[in-house]
Amino acid sequence: MEDILAIVLIFGGGTLAALAFSPIGRAFADRIRGRVAGAEELRAAEDLRAEVTEHREAVTEELHALRQEVGELAERMDFAERLLARDRPGALPKAEADVSLGARVAGGRRVTR
């Protein structure tokens, strides 16, 4: 029984010593002592937070621009589909854009004013 206890103390003590000298052990000791992070670390954290905020705003602006471009491309594609389909009877309904541009359909042909 004493042999097992000696083995546990040797390996357990070695593990605790390794943990105590590691960064995790130092952070744990600082937490027990009641110390908080240093001023440099707080300043670095604030700088990092500001940088993340700037990146988030930049990504949001770019996402908005991309959504606008996709919307414009969808409108262009719809217009191109209407142009291709206008010569085929019964393909797609005519858009109001053709009427507003001064075009009218007479007997299957496009007549401009």
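Just so you know, these numbers come straight off a predicted model, no measurement behind them.

1. Some points on the overall build of the protein chain
Piece 1. Looking only at helices and strands, the protein chain has four helices and two strands in total.
Piece 2. Listed by position from the N terminus, the elements making up the protein chain come as α-α-α-α-β-β.
Piece 3. By the burial criterion, 5% of the 113 residues in the protein chain qualify as buried.
Piece 4. Carbon together with sulfur atoms contributes 61% to the accessible area of the protein chain, which is approximately 10500 Å² in total.

2. Here's the deal with the pattern of salt bridges
Piece 1. Tallying each qualifying case throughout the model produces one salt bridge.
Piece 2. Put simply, Glu46 and Arg49 hold a salt bridge, and the shortest N to O gap is 2.7 Å. Taken as a pair, Glu46 and Arg49 lie in helix H3 (residues 39–85) at a separation of three residues, close to a single helical turn.
Piece 3. Taking the relative accessible area as the measure of exposure, Glu46 reaches 47% and is therefore partly exposed.

3. Details of a nonpolar patch on the surface
Piece 1. Taken together, Ile7, Ile10 and Phe11 make up a surface patch of nonpolar side chains, about 360 Å² in accessible area.
Piece 2. Along the chain, Phe11 turns up in helix H1 (residues 2–21).

4. Remarks on a negative patch on the surface
Piece 1. Negative charge collects at one region of the surface, where Asp47, Glu51, Glu54, Glu57 and Glu61 lie side by side.
Piece 2. In this fold, Glu54 is placed in helix H3.

5. So, helix H2 (residues 23–33)
Piece 1. Sparse coverage of H2 is indicated by the burial of one of its eleven residues.
Piece 2. With its phi angle positive at about 90 degrees, Gly34 sits one or two positions after the end of H2.

What counts as what
- Residues numbered from 1 in each chain as written.
- Predicted model: local features only at pLDDT ≥ 70, side-chain atom pairs only at ≥ 80, totals over all residues.
- Heavy atoms only, no water.
- Helix = DSSP H or I, 4+ residues; strand = E, 2+ residues; numbered from the N terminus.
- Buried < 20%, exposed > 50% of the residue type's maximum accessible area, 1.4 Å probe, protein only.
- Areas by Shrake-Rupley, 256 points an atom, 1.4 Å probe, with all protein chains shown as cover.
- Salt bridge = Lys/Arg side-chain N within 4 Å of Asp/Glu carboxyl O.
- Patch = residues over 30% accessible without salt bridge, like charges linked within 9 Å, V, L, I, M, F, W, Y side chains within 5 Å.
- Lys, Arg positive; Asp, Glu negative; His and termini not counted.
- Charge placed at Lys NZ, Arg CZ, Asp CG, Glu CD.

Purely geometric stuff here, so don't read any function into it on its own.
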